[in-house]
Each structure stands twice: as structure tokens, then as C-alpha cells.
Amino acid sequence: MPQTATPHGFVTKTLHWVSAALLGFGYVKGLDSVTQLADPALFRFEIGFALSLGAVFLLRLLWTKAVAGASRLPEAAPGWEHAASRVVHGGLYTSVFLIVLSGLGTALAYATPTLGGLFLGTMLGLHELALAALPLFLLVHVAGALWHKLIRRDGVLESMTGPLPV
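What this report covers is the structure whose coordinates are included nearby. (Residues numbered from 1 in each chain as written. Predicted model: local features only at pLDDT ≥ 70, side-chain atom pairs only at ≥ 80, totals over all residues. Heavy atoms only, no water.)

## Observations concerning the overall build of the protein chain
Short version of the rule: Note on conventions: DSSP H or I runs of at least 4 residues are helices, E runs of at least 2 residues are strands, and numbering of each starts at the N terminus. Where accessible areas are quoted, they stem from the Shrake-Rupley method and a 1.4 Å probe; at the residue level, only the protein chains shown are allowed to cover.
Regarding its fold elements, the protein chain presents five helices and zero strands. The linear arrangement of helices and strands in the protein chain, starting from the amino end, is α-α-α-α-α. With the C-alpha coordinates aligned to their principal axes, the bounding extent of the protein chain is approximately 65 × 30 × 30 Å. When the accessible area of the protein chain is evaluated, it comes to approximately 9700 Å², of which 74% is carbon and sulfur surface.

As C-alpha cells, this is what we get:
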């Protein structure tokens, strides 16, 4: 009989799905060009959004590390699954924090002309790199969740979603 994952609590699930919604919104609404930051209202919105996204992910990271536990993999899961989970979750957090910090750096460089040039280029490059890496980590994350639902049938996906009809 396979071990079954214990469910995450309400706070962890809420932080997970709020994080997912914020990321989705960020990708859909993202800027086409840094020159759009010339609009003061949009500039303020982008700063607020970045700070909110960073705060939610920081709270999520602290909550899972200090209170709730990050992984619901059964102890009996193979070592490669535990390692892959740590790498993917680390990649997700690193990508998000790089997106936030490089986005704030880009805004700072745009608002401070003396920081333009190399600093602005570096921030934009980091931002683009992190924006490209995040969907790859998300794809592996979702594939892992489906692996646990369809192949392993160990309740790992349901630990974050609750019971599913399939």
C-alpha cells in the first residue's frame, strides 16, 4: 500500500494559489517596453505589484520553512523525487525573486538617468532571463504534480488541491 501525502493547511494552500494568480496576472499584463514606465501611474503600479509579489513569495517561503513544511512527498518516495522537488521549488523561488529584484532595479534605473546604460542593461537582462526560466520551472512543477496524480497516486497533488474527481 503506497504512502499517501498529508494535506497542506489552509494558509499554505492560499499562499500557493494567490502566488499562482499573481504570476499569471504578471505575465498577462507585463510591459511591452521599459519606456512605458514614463507613465507615472503605470510606474507606481509596477512598483506596487513587484513589492506585493515579492512579499507574498517571501511570506510563502518563510511560512513553509518555519511552520508548514514545504514538501508533501511521502518519506518512502525515491531520493530522486526529493532532490527534484528541492531543485524545482528552489528554481521557482529564485526565478520569482530575480524577477522582482531586477524589475525594481529596472524601475530604479529608469527613474535615475545616471543609473542607465550598463546597470539598466544588466537589470533588463536578468529580468528577461528570470522571466524565461520561470515557465520552465512551472512546467516541471506541474508535470511533477501530474506524475504524482497519474503514476504514483500518492496524494501529493491533492495535498495542494484537495480531493479531485479524477
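So much for the structure itself; the text now carries on.
## Section: the packing of helix H2 (residues 40-68) against helix H3 (residues 79-111)
Working note: a packed helix pair is described by the angle between its axes plus the distance between those axes. Inclusion rule: What counts as an axis is a line fitted to C-alpha atoms, over the stretch in contact for a helix, and the angles between N-to-C directions run from 0 to 180 degrees. Should an angle fall under 35 degrees it is taken as roughly parallel, and over 145 as roughly antiparallel, whereas 65 to 115 is taken as roughly perpendicular and any remaining angle as oblique. Left-handed describes a crossing in which the near helix is turned anticlockwise from the far one by less than a right angle; the clockwise case is right-handed. By the convention used here, residues are in contact when the closest approach between their heavy atoms is within 4.5 Å. Here the nonpolar group is Ala, Val, Leu, Ile, Met, Phe, Trp, Tyr, Cys and Pro; Asp, Glu, Lys and Arg are the charged ones; every other residue, Gly included, is treated as polar.
The interhelical angle for the contact between H2 and H3, taken along N-to-C directions, is 155 degrees, at an axis separation of 10 Å. One element, H2, and the other, H3, form an angle in the roughly antiparallel class. Considering the relative orientation of H2 and H3, their crossing is left-handed. Residue-level contacts link Phe43, Ile47, Ala50, Leu51, Leu53, Gly54, Phe57, Leu58, Arg60, Leu61 and Thr64 of H2 to Tyr93, Val96, Phe97, Val100, Leu104, Ala107 and Ala111 of H3. Within the contact of H2 with H3, the residues separate by chemical class into 15 nonpolar, two polar and one charged.

## Points about the environment of proline 7
Counting through the fold element by element, proline 7 comes out in the segment before helix H1 (10-29). For the pair proline 7 and threonine 161, spaced 154 residues apart in sequence, the C-alpha separation works out to 8.7 Å. Every residue in contact with proline 7, bar those within four places of it in the chain, is listed here: Arg72 and Ser159.

## What about a nonpolar patch on the surface?
We count it as follows: A residue counts toward a patch only above 30% relative accessible area and without a salt bridge, and it is joined to like-charged neighbours within 9 Å or, for Val, Leu, Ile, Met, Phe, Trp and Tyr, to nonpolar neighbours within 5 Å. Each salt bridge in this description consists of a side-chain nitrogen of Lys or Arg and a carboxyl oxygen of Asp or Glu lying within 4 Å of one another. Per-residue accessibility, obtained with a 1.4 Å probe over protein chains only, is compared with the maximum for each type, and a residue is labelled buried under 20%, exposed over 50%, and partly exposed between these values.
Taken together, the side chains of Trp80, Val142, Leu146, Trp147, Leu150 and Ile151 present a nonpolar region at the surface, about 610 Å² in accessible area. Element by element, the count of residues in the nonpolar patch is highest for helix H4 (residues 118-152), at five residues. With respect to the helices and strands, valine 142 occurs in helix H4. Assessed through its relative accessible area of 46%, valine 142 is described here as partly exposed.

## What about the side chain of glutamate 81?
Put simply, the rule is: Throughout this description, a polar contact denotes any pair of N or O atoms lying within 3.5 Å of each other; where both atoms belong to protein, one of them has to be capable of donating a hydrogen while the other can accept it, and for residues adjacent in sequence the pair is counted only when both atoms sit in side chains.
Structurally, the position occupied by glutamate 81 is in helix H3. Overall, the relative accessible area of 4% leaves glutamate 81 in the buried class. Only 2.9 Å separates the side chain of glutamate 81 from the side chain of tryptophan 147, close enough to count as a polar contact. Not counting chain neighbours up to four residues away, the residues in contact with glutamate 81 comprise Leu73, Trp147, His148 and Arg152.

## Looking at the side chain of arginine 72
Applicable threshold: Charged residues are defined narrowly, with Lys and Arg counted positive, Asp and Glu counted negative, and His plus the chain ends left uncounted.
When you line up the elements, arginine 72 lands in the loop between H2 and H3. Glutamate 75 is the oppositely charged side chain nearest to the buried, salt-bridge-free arginine 72, at an N-O distance of 11 Å. Among the polar contacts made by the side chain of arginine 72, one reaches the main-chain carbonyl oxygen of threonine 6 at a distance of 3.0 Å. Within the structure, the side chain of arginine 72 is placed 3.2 Å from the backbone oxygen of alanine 68, a separation counted as a polar contact.

## With respect to the pattern of salt bridges
Applying the stated criterion to the full structure yields three salt bridges. Two residues, lysine 149 and glutamate 158, come together in a salt bridge whose shortest N-O distance is 2.5 Å. On the basis of relative accessibility, which here comes to 18%, the residue glutamate 158 falls in the buried class.

## A few points about the packing of H1 against H4
Put simply, H1 and H4 touch, their axes get as near as 13 Å, and they point 135 degrees apart. By the angle between their directions, the pair H1 and H4 is classed as oblique. Along this stretch, H1 crosses H4, giving a crossing that reads as left-handed. For the pair formed by H1 and H4, the contact residues are His16, Leu23 and Tyr27 on the first element and Ala130, Leu131, Leu134, Pro135 and His141 on the second. Looking at the contact of H1 with H4 residue by residue, the class counts come to six nonpolar, two polar and no charged.

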